[in-house]
Amino acid sequence: MHSKVRPTRRPPARQLLLAAAARVFARDGLEGATTRAISREAGVNEVTLFRHFGTKEHLIEAVVGSAFGLAGHPAAAPERAGRSLRDDLVSFAHRYETLLVANLPLIRTMIGEIHRHAVCEHQALKGIFWPMRAALVDRLRLACRAGEAMPRINPAVAADIFAGAIFSSVIRRTRPLRRREYSTADYREACVDVFLNGIQG
């Protein structure tokens with residue numbers, strides 16, 4: 001007796017459109033991408049795209065939220081129990097690198113074109129750093145109270161400095177034909193050590 005093979009369920013149209021839009025935006029740019037091309041890539045009709053998102057601008061916002069928002073990364077906050085500040089910084093750096101590398105084509109597109117989309121620029125900056133930035137600020141605030149960092153340190157400023165160092169390293173080392181002088185792990189460890197020296201005095 002043969003068991004029936006169940007047909008594979010197709011992902012919901014919204015999910016298909018978000019994934020397709022991320023690929024098309026990365027390939028064609030935010031301006032060059034058309035709703036027709038995105039619909040074709042997703043395998044749905046254009047009416048379905050407009051029913052879910054209304055406009056291309058709203059679709060860009062949804063793609064940014066899907067790629068970088070809280071729903072997609074529930075484990076963004078560092079695990080504090082019994083861990084040192086250094087361990088949490090290494091963990092943050094690794095998670096942030098992973099997020100950036102996974103979305104690098106889209107990030108490169110946004111860096112070049114997002115200024116033309118004011119609402120999306122705010123959404124992108126908030127999305128890329130949130131909730132990871134908020135978790136890092138909280139951890140640094142705790143470090144100041146616990147004596148792991150100098151109390152006069154501004155946690156928000158320190159968080160942006162540290163996250164910025166990770167962000168720039170990912171962009172720099174993933175450029176084509178760039179010779180790598182050190183490994184990703186070596187950079188991450190050095191970045192944490194230099195940062196800690198700065199905030200611990």
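Here's a quick rundown of the structure. Keep in mind that this is a model prediction, so the values were computed, not measured. (Residues numbered from 1 in each chain as written. Predicted model: local features only at pLDDT ≥ 70, side-chain atom pairs only at ≥ 80, totals over all residues. Heavy atoms only, no water.)

### Some remarks on the packing of aromatic side chains
Piece 1. All told, the structure shown has four aromatic pairs when counted by the stated rule.
Piece 2. Seen from their ring centres, phenylalanine 92 and phenylalanine 162 are 5.9 Å apart, and the 40° between their planes marks the pair as tilted. One end of the pair, phenylalanine 92, is in helix α5 (residues 85-102); the other, phenylalanine 162, is in helix α9 (residues 155-173), with 70 residues separating them in the sequence.
Piece 3. Looking at phenylalanine 92, the relative accessible area reads 5%, which means it is buried.
Piece 4. Among the residues examined, phenylalanine 162 registers a relative accessible area of 1% and is labelled buried.
Piece 5. On the numbers, 4.8 Å between centres and 45° between planes, the contact of phenylalanine 162 with phenylalanine 195 is tilted. A residue pair is termed long-range when its members are at least 10 positions apart, and phenylalanine 162 in helix α9 and phenylalanine 195 in helix α10 (residues 184-200) qualify at 33 residues. (Phe/Tyr/Trp six-rings, centres within 6.5 Å; stacked < 30°, edge-to-face > 60°. Helix = DSSP H or I, 4+ residues; strand = E, 2+ residues; numbered from the N terminus. Buried < 20%, exposed > 50% of the residue type's maximum accessible area, 1.4 Å probe, protein only.)

### Section: the packing of α5 against α9
Piece 1. α9 packs onto α5 with a crossing angle of 40° between their chain directions and a minimal axis gap of 10 Å. Between α5 and α9, the interaxial angle falls into the category oblique. In this structure, α5 meets α9 at a crossing whose hand is right-handed. In this structure, α5 uses Leu89, Phe92, Ala93, Tyr96, Glu97, Leu100 and Val101 to contact α9, whose residues at the interface are Phe162, Ala163, Ile166, Phe167, Val170 and Arg173. (Axes fitted to C-alpha atoms, helices over the stretch in contact; angles between N-to-C directions. Parallel < 35°, antiparallel > 145°, perpendicular 65-115°, else oblique. Left-handed = near helix turned anticlockwise from the far one by under 90°. Contact = heavy atoms within 4.5 Å.)

### A look at helix α8 (residues 132-146)
Piece 1. The end-to-end C-alpha distance of α8 is 21 Å, a good match for the 21 Å that 15 residues give at a rise of 1.5 Å each.
Piece 2. Listed in full, the buried residues belonging to α8 are Met132, Ala134, Ala135, Leu136, Val137, Arg139, Leu140, Ala143 and Cys144.
Piece 3. Phi turns positive one or two residues past the end of α8, at glycine 147, with a value near 85°. (Expected span 1.5 Å × (residues − 1).)

### Quick notes on the packing of α8 against α9
Piece 1. Here α8 crosses α9 at 125°, and the two axes come no closer than 8 Å. Comparing their axes, α9 and α8 come out oblique. Like other packed secondary-structure pairs, α8 and α9 cross with a definite hand, here right-handed. Within the contact between the two elements, α8 uses Arg133, Leu136, Val137, Leu140 and Arg141 and α9 uses Pro155, Ala156, Ala158, Ala159, Asp160 and Phe162.
Piece 2. Grouping the constituent residues of the contact of α8 with α9 by class yields eight nonpolar, no polar and three charged. (Nonpolar A, V, L, I, M, F, W, Y, C, P; charged D, E, K, R; others polar.)

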